[in-house]
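Commentary on secondary and tertiary structure
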Amino acid sequence: QVQLVESGGGLVQAGGSLRLSCVASGIIPSMNVMGWYRQAPGKQRELVAAISSGGSTTYTDSVKGRFTISRDNAKNTVYLYMNSLKPEDTAVYYCKLARSSGVDYWGKGTLVTVSS
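My aim in this report is to walk through the structure given alongside it, one point at a time. Remember, it's a predicted structure, so these values are computed and weren't measured experimentally.

Quick word on the sheet that holds strand 3 (residues 18-26)
Taken in spatial order, the 4 strands of this open sheet run 1-3-8-7, and their pairing is antiparallel. Whereas interior strands pair on both sides, the edge strands pair on one side only; in this sheet they are strand 1 (2-7) and strand 7 (67-72). Within this sheet the neighbouring strands show an average axis-to-axis angle of 15 degrees, counted without direction. Pairing geometry for strand 3 and strand 8 (residues 77-82), over 6 bridges, is antiparallel. Directly across from Ser21, in strand 8, lies its bridge partner Tyr79.

Side note on the pattern of salt bridges
A full pass over the atoms with the stated rule returns 5 salt bridges. In this structure, Arg66 engages Asp89 in a salt bridge whose closest nitrogen and oxygen atoms are separated by 2.8 Å. One end of the pair, Arg66, is in the loop between strand 6 (57-59) and strand 7; the other, Asp89, is in the loop between strand 8 and strand 9 (91-99), with 23 residues separating them in the sequence. Each member of the pair, Arg66 as well as Asp89, is classed as buried. If you follow the salt bridges from partner to partner, you end up with Arg38, Glu46, Arg66 and Asp89 in one network.

Basis of the calculations
Residues numbered from 1 in each chain as written. Predicted model: local features only at pLDDT ≥ 70, side-chain atom pairs only at ≥ 80, totals over all residues. Heavy atoms only, no water. Pairing = 2+ DSSP bridges. Helix = DSSP H or I, 4+ residues; strand = E, 2+ residues; numbered from the N terminus. Axes fitted to C-alpha atoms, helices over the stretch in contact; angles between N-to-C directions. Salt bridge = Lys/Arg side-chain N within 4 Å of Asp/Glu carboxyl O. Buried < 20%, exposed > 50% of the residue type's maximum accessible area, 1.4 Å probe, protein only.

Given below as structure tokens:
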């Protein structure tokens, strides 16, 4: 089993920055993909960014150039650096760890609110 705990959410003004962290614990497979998803009120959960254990990254178009995902494998931690935040970035941000077997683990989420 894998447990994921997110932190770093909060209230920020438009144009501001936040750093989200997600710490994984438990039996963590060496090969995995960790990602950040978000879900705004009334909308479906969507992928924001993901990073493989080898460091390959992917971003949704709306955050390219503003958000950066990184990971520290020694600390089992993934980060999401969010700059130039916009009100439309307001959402609950969830961390996910995907095993190569297809099993996914989710954190409980952290709320990011961007005021205009």
